[in-house]
Amino acid sequence: MNIAKVIVDVPSSAINQTFDYSIPKRFQEVIKPGMRVIVPFGPRKIMGFVVERVSESSFDKLKDIVDVLDITPVLTKELLDLGKWVANNTLSLSITALQAMLPQVLKSKYRKQLIRETDEVLTPELEHLFAGRGFIDYEEFEHANISYYQLQKAIQEGDISIEYLVESKITKKQIVMVKPSKEPYLLEEAIMDIPKNANKQKQVISYFLEYPKAVSQKELINKVKTTSSTIKNLVDKGILETYKQEIFRNPYNDDAIKRTTPLPLTEEQQNAIEPIQASINEHQHEVFLLHGVTGSGKTEVYLQAIQNVISKGKEAIVLVPEISLTPQMVERFKGRFGKNVAVMHSALSAGEKYDEWRRIHRKEVQVVVGARSAIFAPFENLGIIIIDEEHETTYKQEDQPRYHARDVAIERGKYHQCPVVLGSATPTLESYARASKGVYQLATLSKRTNDQPMPRVDIIDMRKELHAGNRTMFSRKLMQKMEQCIQKGEQVVLLLNRRGYSTFVMCRDCGHVMECPHCDIALTYHKNSNRLKCHYCSYETNLPASCPECTSDSIRYFGTGTQRVEEALGKLLPEARILRMDVDTTRRKGSHEKLLKQFGDRKADILLGTQMIAKGLDFENVTLVGVLTADSMLHLPDFRSSERTFQLLTQVSGRAGRHELTGEVLVQTYTPDHYSIELASVYNFHDFYKKEMSMRRKFKYPPYFYLVLITVSHENNVLAVQRTQTIVQMLMKSVKRNTVVLGPTPSPIPRIKDRYRYQCMIKYKNEPNLRPLLNKIMEYFSDDVRKNNLLITVDLEPYHFM
Ligand SMILES: Nc1ncnc2c1ncn2[C@@H]1O[C@H](COP(=O)(O)OP(=O)(O)OP(=O)(O)O)[C@@H](O)[C@H]1O
Ligand SMILES: [Zn+2]
Ligand SMILES: [Zn+2]
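The rules behind the values
- Residues numbered from 1 in each chain as written.
- Chains lettered and ligands numbered in written order.
- Predicted model: local features only at pLDDT ≥ 70, side-chain atom pairs only at ≥ 80, totals over all residues.
- Heavy atoms only, no water.
- Helix = DSSP H or I, 4+ residues; strand = E, 2+ residues; numbered from the N terminus.
- Buried < 20%, exposed > 50% of the residue type's maximum accessible area, 1.4 Å probe, protein only.
- Contact = heavy atoms within 4.5 Å.
- Areas by Shrake-Rupley, 256 points an atom, 1.4 Å probe, with all protein chains shown as cover.
- Lys, Arg positive; Asp, Glu negative; His and termini not counted.
- Charge placed at Lys NZ, Arg CZ, Asp CG, Glu CD.
- Core = buried A, V, L, I, M, F, W, Y, C linked by side-chain atoms within 4.5 Å.
- Pairing = 2+ DSSP bridges.
- Axes fitted to C-alpha atoms, helices over the stretch in contact; angles between N-to-C directions.
- UniProt positions renumbered as here; feature names shortened; annotations may be inferred.
- Expected span 1.5 Å × (residues − 1).
- Parallel < 35°, antiparallel > 145°, perpendicular 65-115°, else oblique.
- Left-handed = near helix turned anticlockwise from the far one by under 90°.
- Near = heavy atom within 4 Å.
- Polar contact = N/O pair within 3.5 Å; in protein donor to acceptor, adjacent residues only side chain to side chain.
- Nonpolar A, V, L, I, M, F, W, Y, C, P; charged D, E, K, R; others polar.

## Looking at the overall build of the protein chain
And step 1. What the protein chain contains, in helices and strands, is 25 helices and 33 strands.
And step 2. With respect to the principal axes defined by its C-alpha atoms, the protein chain has extents near 95 × 75 × 65 Å.
And step 3. Looking at the protein chain as a whole, 53% of its 802 residues are labelled buried.
And step 4. Contacts spanning at least 24 positions in sequence make up 73% of the contacts within the protein chain whose residues lie at least 6 apart.
And step 5. A total accessible area of about 37000 Å² is found for the protein chain, and carbon and sulfur atoms account for 50% of it.
And step 6. The protein chain carries 110 positive and 97 negative side-chain charges, and their two centres are separated by 3 Å.

Dropping the structure here:
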């Protein structure tokens, strides 16, 4: 078994296979599948993953593995197989799929350190290597002629750990520890030798006589009310010694979180959880769709199912959409399971993410709560996977590998024979259709736990407002209700449905719109900097004083950005305190949380924001929710736009009246008769489902048909169309009769960064050979891609159509 099959880090489709390398003697006892190694590849040395050890190769003259990067595998056997599955399913490279499973820190350049974790005596070689130090550079080990096997054993026994230091800003957080360097009786002697007036020094030594253990310098200074110079003095005298110790960055203050206990379940919750518990107990894979209205207690169901999993010694993954991963959300899990929870959130620094990943990798926690990529958490004994808000499109990754976390969850659920629970107040049509057919098990929570009715929703026809002479973006009714609400000391949430919306600049005389010179899209006006920016290529320019087309100076900005709404609101309700939450005010780390906390502490009357406020907020004092432009999404070139509108309106309505106070929702729209707006206003998911399904069937969209979106782009317009045309022809020749191939059509944004973009859409019911066919097509154009800068992306089950 001295040959390793390695997937190498070469980003080319021709190389989507393993290569054989021989394992030199010094690594023979060390190398295991799931470790990263350095191998020679052509003239270079590159990284690769060992996927298997074998004893024979069909090649002779194998090259040697040069180095090992991991002393313990970073990927389990299951994850290695899963990587292959992901690569196949998303038509991406195996190496890309494997790397997607690891935290960023393990992908970039790093230095390694060996950390001594024990005071017990190590082997003589290792003692010699550490020479009394708490940690050493890995390089020292490499030069020291000690066997890898010896080190690996010490690591397995927990005596030594290995850490990656990233050469960029990410470093481990270390604190200075202080401990006595003499036996207690020598300390007593030392006290005698201290000069009389050096009282502080004496107190420090007495402290160690009482508590002879190492303590952080900070704590010591606090406890003894001393200074670092006193400590330094004692160190210089050889009485104390200091060393650095890594601490895990835990961004959440676990101890401050109030512990909670399981609530007695309502009858509906009880009925929902029973089959899930049975699936856990019987070790049977099953997919559950938990359809529960907002505030119906889905989270309590998750918590109690996880409790069961933990008590069986198994592990749980909970996926939550990025923007719902608020401190409130985290607290609910930490409140129940304390330190047993790791959190994987993109707002954490790379170092923090890595720490959390390691806590999972070392089996220090049994629960992970995280955004999409947490689905790859390296647990080996999964008992449940939960996907909250399963309808969220962020579960689909938008670049390679273009996986959907739901599919990965089900694949892992099959492997571990454990349940997968998909929860939502507004399930996707795909999931609901599967539940209707019995592929998934449906559980329904139809009532809020507090038996409060869902807040009443009023639709306001904005066309009538205009006719009545109201030119503001706030209807008369909304104004009146906001005033009343604020007078009563209650709070308002205002949603500006901004997707597909922007503040563009137009000349009022000739109608010229300022566009990006590289992308066919209007530039967005940023008030703070008074500049125009392209959101696709980051092109920036100053706001012109006059129209570049007709030189008129009545050039102004249109659209309703949150800033403009805030301004207008400030004029109409000067006494109201407004908090704005959008990409601009939440860019900085932690600002999202800070704004929410301010609102929770009632430091503002109105929370104004984009989509990001629709999720998971739970404030007892919110009694009015206003939606400014309910229909702005409806006209996007996306077959899911009605579904998204329905989901958003339902979610945002769910923010009102969740507690004692009753809530009310006002929805402003120019299309009050649209079924997604009408049905959302009466919380009628079922009729919406039926109506939308009939549309999908008629237009041949999911869940009736599967979709593939192929986007081709090139600097040369003609070449881009021609290549797309060829793809369409190649497809037409091979697909079944009931499969639809559309294109070439210009993409909704026909040019980005000076590249012309065309697309081809495939709608199919059953094409078992489609993946190989698509691979063949990619292969066919590989020369064009490599030499001619052609770009082809294939998105299976796409969620974005721009
Ligand atoms: N069995 C129960 N008895 C009493 N209160 C409960 C029970 N289950 C949940 N709750 C409470 O009901 C409220 C709503 O529950 P939760 O937030 O879990 O609902 P949800 O379905 O997840 O809502 P959303 O979809 O809006 O996030 C919470 O305050 C929760 O503590
Ligand atoms: Zn003009
Ligand atoms: Zn641009």
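## As for the nonpolar core
As a rule of thumb, nonpolar side chains are buried together in soluble globular proteins.
And step 1. Ranked by internal contacts, the top residues of the largest apolar core, which has 90 residues, are Leu75, Ile317, Val368, Ile375 and Leu607.
And step 2. Broken down by element, this core gets its largest block of residues, five residues, from helix α1 (residues 77-90).
And step 3. Sequence-distant contacts of Val368, defined by excluding residues within four places in its chain, comprise Ala316, Ile317, Val318, Ala342, Met344, Ile360, Ala374, Ala377 and Phe379.

## Concerning the sheet that holds strand β2 (residues 18-22)
And step 1. Strand order in the open sheet formed by five strands is β2-β1-β4-β3-β5, and the pairing between neighbours is antiparallel. The sheet is open, and its two edges are formed by β2 and β5 (67-68), each paired on a single side.
And step 2. Pairing of strand β1 (residues 3-8) with β2, which is carried by five bridges, proceeds in the antiparallel orientation. Within β2, the position partnered with Lys5 by the bridge is Asp20.

## Here we look at the side chain of Glu430
And step 1. Position of Glu430 among the secondary structure elements: in helix α15 (residues 429-436).
And step 2. With relative accessibility at 8%, the residue Glu430 sits in the buried group.

## A look at the sheet that holds strand β15 (residues 367-370)
And step 1. In space, the seven strands of this open sheet follow the order β14-β15-β13-β16-β17-β12-β18, with parallel pairing throughout. This sheet does not close on itself; its edge strands, each paired only once, are β14 (341-344) and β18 (441-445). Ignoring which end each strand starts from, the neighbouring axes of this sheet average 15° apart.
And step 2. Taken together, the four bridges between strand β16 (residues 382-388) and strand β17 (residues 420-424) define a ladder with parallel strand orientation. Bridge pairing in β17 places Asp388 opposite Gly423.
And step 3. Most of the contacts of helix α14 (residues 405-416) go to β16, to which it runs at about 165°, and overall it touches β12 (287-292), β13 (315-319), β16 and β17.

## Here's the deal with the UniProt feature "binding site: Zn(2+) 2" (unreviewed entry) in the protein chain
And step 1. Under the present numbering, the feature "binding site: Zn(2+) 2" (unreviewed entry) in UniProt falls on Cys516, Cys519, Cys534 and Cys537. Sequence-wise these annotated residues cover 22 residues; spatially they are packed, their C-alpha atoms never more than 8.7 Å apart.
And step 2. Relative to the assigned elements, Cys534 resides in the loop between β23 (531-533) and β24 (540-542).
And step 3. Take Cys534: its relative accessible area is 3%, and that puts it in the buried class.
And step 4. According to the relative accessible area criterion, Cys537 is buried, its value standing at 17%.
And step 5. The contacts of Cys537, once residues within four sequence positions are left out, are Cys516, His518, Cys519 and Lys753.

## With respect to helix α11 (residues 298-311)
And step 1. In this model, α11 (14 residues) spans 20 Å end to end at C-alpha, consistent with the 20 Å of a helix rising 1.5 Å per residue.
And step 2. Most of α11 is tucked away: twelve of the 14 residues are buried.
And step 3. Turning to α11, its buried residues are Lys298, Thr299, Glu300, Val301, Tyr302, Leu303, Gln304, Ala305, Ile306, Asn308, Val309 and Ile310.
And step 4. Directly beyond the C-terminal end of α11, a positive phi value near 75° is found at Gly313.

## Comments concerning the packing of helix α6 (residues 184-193) against helix α7 (residues 199-210)
And step 1. Interhelical geometry of α6 versus α7 gives an angle of 160° and a closest axis separation of 10 Å. Taken together, the axes of α6 and α7 are roughly antiparallel relative to one another. Seen from above, α6 lies across α7 with left-handed handedness. Two secondary-structure elements touch here, α6 through Pro184, Leu187, Glu188 and Ile191 and α7 through Lys202, Ile205, Ser206, Phe208 and Leu209.

## Examining the environment of Gln307
And step 1. The topology assignment puts Gln307 in helix α11.
And step 2. A residue is classified by how much of its surface remains accessible, and Gln307, at 33% relative accessible area, is partly exposed.
And step 3. Once the C-alpha coordinates of Gln307 and Glu490 are considered, the two residues, 183 residues apart in sequence, prove to be 37 Å apart.
And step 4. Every residue in contact with Gln307, bar those within four places of it in the chain, is listed here: Arg336 and Phe337.

## Re the site of ligand 1
And step 1. Inspection of the region around ligand 1 gives 17 residues, with Pro264, Gln269, Lys298, Thr449 and Arg658 positioned closest.
And step 2. Residue Thr299 places a side-chain N or O atom 3.0 Å away from an oxygen atom belonging to ligand 1.
And step 3. Contact between ligand 1 and Thr449: an oxygen atom at 2.7 Å from a side-chain N or O atom of the residue.
And step 4. Relative to its unbound accessible area of 630 Å², ligand 1 is 79% covered by the protein chains.
And step 5. If one sorts the elements of the shell around ligand 1 by residue count, α11 sits on top with three residues.
And step 6. Broken down by class, the residue content of the shell around ligand 1 amounts to four nonpolar, eight polar and five charged.

## Section: the pairing of strand β3 (residues 36-41)
And step 1. In terms of burial, β3 is a largely internal element, six of the six residues being buried.
And step 2. Taking every second residue as pointing to the same face, both faces of β3 are buried, with Arg36, Ile38 and Pro40 on one and Val37, Val39 and Phe41 on the other.
And step 3. Across six bridges, the pairing between β3 and strand β4 (residues 44-54) is antiparallel. Note that in β4 the partner of Val37 across the bridge is Gly48.
And step 4. Hairpin connection between β3 and β4: a loop of two residues separates the two successive antiparallel strands, and Gly42 in this loop has a positive phi of roughly 60°.
And step 5. When β3 meets β5, the two strands line up antiparallel, connected through two bridges. The residue bridging Ile38 from the neighbouring strand is Asp67, located in β5.

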